[in-house]
Amino acid sequence: MGVFRTKVDEAKQCKAQLQQAIANCEAEFVDICAILGEKPLHFDHKISGSLKKELEIIIPQLEVMKKRKIERKDQLFSVLDQLQSLSTEISRSLEDNLYKMVVEETDLSLKRLEELHRQLLEYQDEKLQTFASALLEMWNLMGTTMEEQKKYQNVTSRIATSKYEITETNILSIDLLNDVEAEVSKLEQLKSIKLKEILLKKKLELEEVVYITTETNSNAVVALRYERASLNGGNIDFKSHSLGKRKRARILGTSE
């Protein structure tokens, strides 16, 4: 009788444990569905037949949801990291609570992920527009050939294109943005060299103008002195005076 009572107690305890385990699994399943913004499944306890069988059905489903939650968090963190990097480069602000939202698992919904993707697209488009404008400006300054420009024509052709009109695959990919950024950086260095060459050329031209002007003014002074020297104590040496005037006129005419 005592052995029978013991087995009955053990059976009750096992049943209670199975029921608690099932309840815990279902509660965690529902919580994950809520975090992912999905409608939870309805578990039909009558189909499984036994509590043990029911638990065996729920556990794999719960593991799938746990895996999906981890993957969604990774996706959100990846987009947030890109947004954080781009926001610094284009001087845009990023909401402080976005990382907290993912860490604390308050909203891992697909809707939230799509919203962040749209924001990332906007940031990438703004950075691309900036680079494309810089490329065109420096190509014009450097006299870059059309052959050299071909590699980035798919970028520069979209300066006036809305991000919603861009359909080409990977047109706003991180790799492309990095590639364009590297090209702009390279052209910036070449631009610096080109500007130095232009400044040196302008400096030499200015020095030449100053030299010519100085020489011309010097000759004009000499001619004027020559003319004054031809006036002898109030008596004008018309021959010398006439020659001085003609010489001065010729020099001043050359200067003009």
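Every value quoted in this text rests on a predicted model; they were computed, and no experiment measured them.

Each value, and the rule that gives it
Residues numbered from 1 in each chain as written. Predicted model: local features only at pLDDT ≥ 70, side-chain atom pairs only at ≥ 80, totals over all residues. Heavy atoms only, no water. Salt bridge = Lys/Arg side-chain N within 4 Å of Asp/Glu carboxyl O. Helix = DSSP H or I, 4+ residues; strand = E, 2+ residues; numbered from the N terminus. Buried < 20%, exposed > 50% of the residue type's maximum accessible area, 1.4 Å probe, protein only. Axes fitted to C-alpha atoms, helices over the stretch in contact; angles between N-to-C directions. Parallel < 35°, antiparallel > 145°, perpendicular 65-115°, else oblique. Left-handed = near helix turned anticlockwise from the far one by under 90°. Contact = heavy atoms within 4.5 Å. Nonpolar A, V, L, I, M, F, W, Y, C, P; charged D, E, K, R; others polar. Expected span 1.5 Å × (residues − 1). pLDDT = per-residue confidence, 0-100. Core = buried A, V, L, I, M, F, W, Y, C linked by side-chain atoms within 4.5 Å.

Further remarks concern the pattern of salt bridges. Applying the stated criterion across every chain yields a total of seven salt bridges. Between Glu105 and Lys69 there is a salt bridge, and its shortest N-O distance comes to 3.3 Å. With a gap of 36 residues between them, Glu105 in the loop between helix H4 (97-103) and helix H5 (110-142) and Lys69 in helix H3 (residues 51-89) connect regions that are remote in the sequence. Glu105 gets classed as partly exposed once you look at its relative accessible area, which sits at 22%. For Lys69, a relative accessible area of 18% translates into the label buried.

It is the contact of H3 with H5, at a shortest axis distance of 10 Å, that shows an interaxial angle of 25°. When the axes of H3 and H5 are compared, the pair comes out roughly parallel. As for how H3 packs across H5, the hand of that crossing is left-handed. Where H3 abuts H5, its residues Arg72, Gln75, Leu76, Val79, Leu80, Gln82, Leu83, Leu86, Ser87 and Glu89 lie against Leu110, Arg112, Leu113, Leu116, His117, Gln119, Leu120, Tyr123, Gln124 and Lys127. Residue composition of the contact of H3 with H5, grouped by class: ten nonpolar, six polar and four charged.

Moving on, we come to H5. With 33 residues, H5 extends 47 Å between its outermost C-alpha atoms, agreeing within 8% with the 48 Å of an ideal straight helix rising 1.5 Å per residue. With its phi angle positive at about 70°, Gly143 sits one or two positions after the end of H5.

Turning our eyes to something else, we now look at the confidence of the model for the chain. For the chain, mean pLDDT is 75; residues scoring 70 or higher make up 69% of the total. When pLDDT is averaged over each helix and strand of the chain, the minimum, 46, is found for strand S2 (residues 235-236) and the maximum, 90, for H3. Below a pLDDT of 50 lies the segment residues 232-241, which in the model reaches eleven contacts outside its immediate sequence neighbourhood of four places, other chains included.

Counting 28 residues, the largest nonpolar core has Leu83 and Leu116 as the members making the most contacts within it. The set of elements that each furnish at least two residues to this core consists of helix H1 (2-35), H3, H4 and H5. Looking at which element gives the most residues to this core, the answer is H3, with nine residues. In this structure, Leu83 is in contact with Leu94, Leu116, Gln119, Leu120 and Tyr123, ignoring residues within four places of it in sequence. Formed by eight residues, the second largest nonpolar core is a distinct cluster that contains Phe131, Ala134, Leu135 and Trp139.

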